[in-house]
Amino acid sequence: MYEVYVGLMIACMSIMVLLSIGMIIIVSLQSGQQANLGAITGAAESFFGKNKAKTMDAKFKRITIFISIAMLIVSILFFVFYLLKNAL
């Protein structure tokens, strides 16, 4: 049973690394609240470009929230597997 918990802990660590890389990418693609950094996402200065940037920012915000919740859940699972491994 010890090996199972170690395997699950390794899986949690791997998922955490992938989620962290995804979080870095998504946050770097978001435009700033105060500065106009929309050029990273390809937003133009026209009306349609500004609307596109707003919808992309909304999508990026939802993805960021999803990734952060997933990171929280994976962290809690890792801690539970760690406690179960040490209880044996």
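The residue count restarts for each chain, going from 1 along the sequence in the order it is written. Totals for whole chains, interfaces and linings use every residue, but because this is a predicted model, local features are given only for residues with pLDDT of at least 70 and side-chain atom pairs only at 80 or more, for both listing and counting. Values shown for side chains rest on all heavy atoms present in the structure; no hydrogens or waters enter the calculation.

1. Points about the nonpolar core
Put simply, the test is: The definition of a nonpolar core used throughout is a set of buried Ala, Val, Leu, Ile, Met, Phe, Trp, Tyr and Cys residues joined through side-chain atoms within 4.5 Å. Buried residues are those whose accessible area, probed at 1.4 Å on protein chains only, stays under 20% of the maximum for their type, while exposed residues exceed 50% and partly exposed ones sit between those limits. The helix count covers DSSP runs of H or I at least four residues long, the strand count covers runs of E at least two residues long, and both are numbered beginning at the N terminus. The contact criterion used throughout is that any non-hydrogen atoms of two residues lie within 4.5 Å.
Residues Tyr5, Met9, Cys12, Leu19, Met23, Ile26, Phe60, Ile67, Ala70, Val74 and Phe81 constitute the largest nonpolar core, which totals 11 residues. Elements that contribute at least two residues to this core include exactly α1 (2-29) and α2 (47-87). No other element matches the 6 residues that α1 contributes to this core. Sequence-distant contacts of methionine 23, defined by excluding residues within four places in its chain, comprise Thr64, Ile67, Ser68 and Met71.

2. Considerations on the environment of lysine 61
Relative to the elements of secondary structure, lysine 61 occurs in helix α2. For lysine 61, a relative accessible area of 56% puts it in the exposed group.

3. A word on the environment of serine 75
The topology assignment puts serine 75 in helix α2. A sequence separation of 66 residues divides serine 75 from methionine 9, and the C-alpha atoms of the two residues are 9.8 Å apart.

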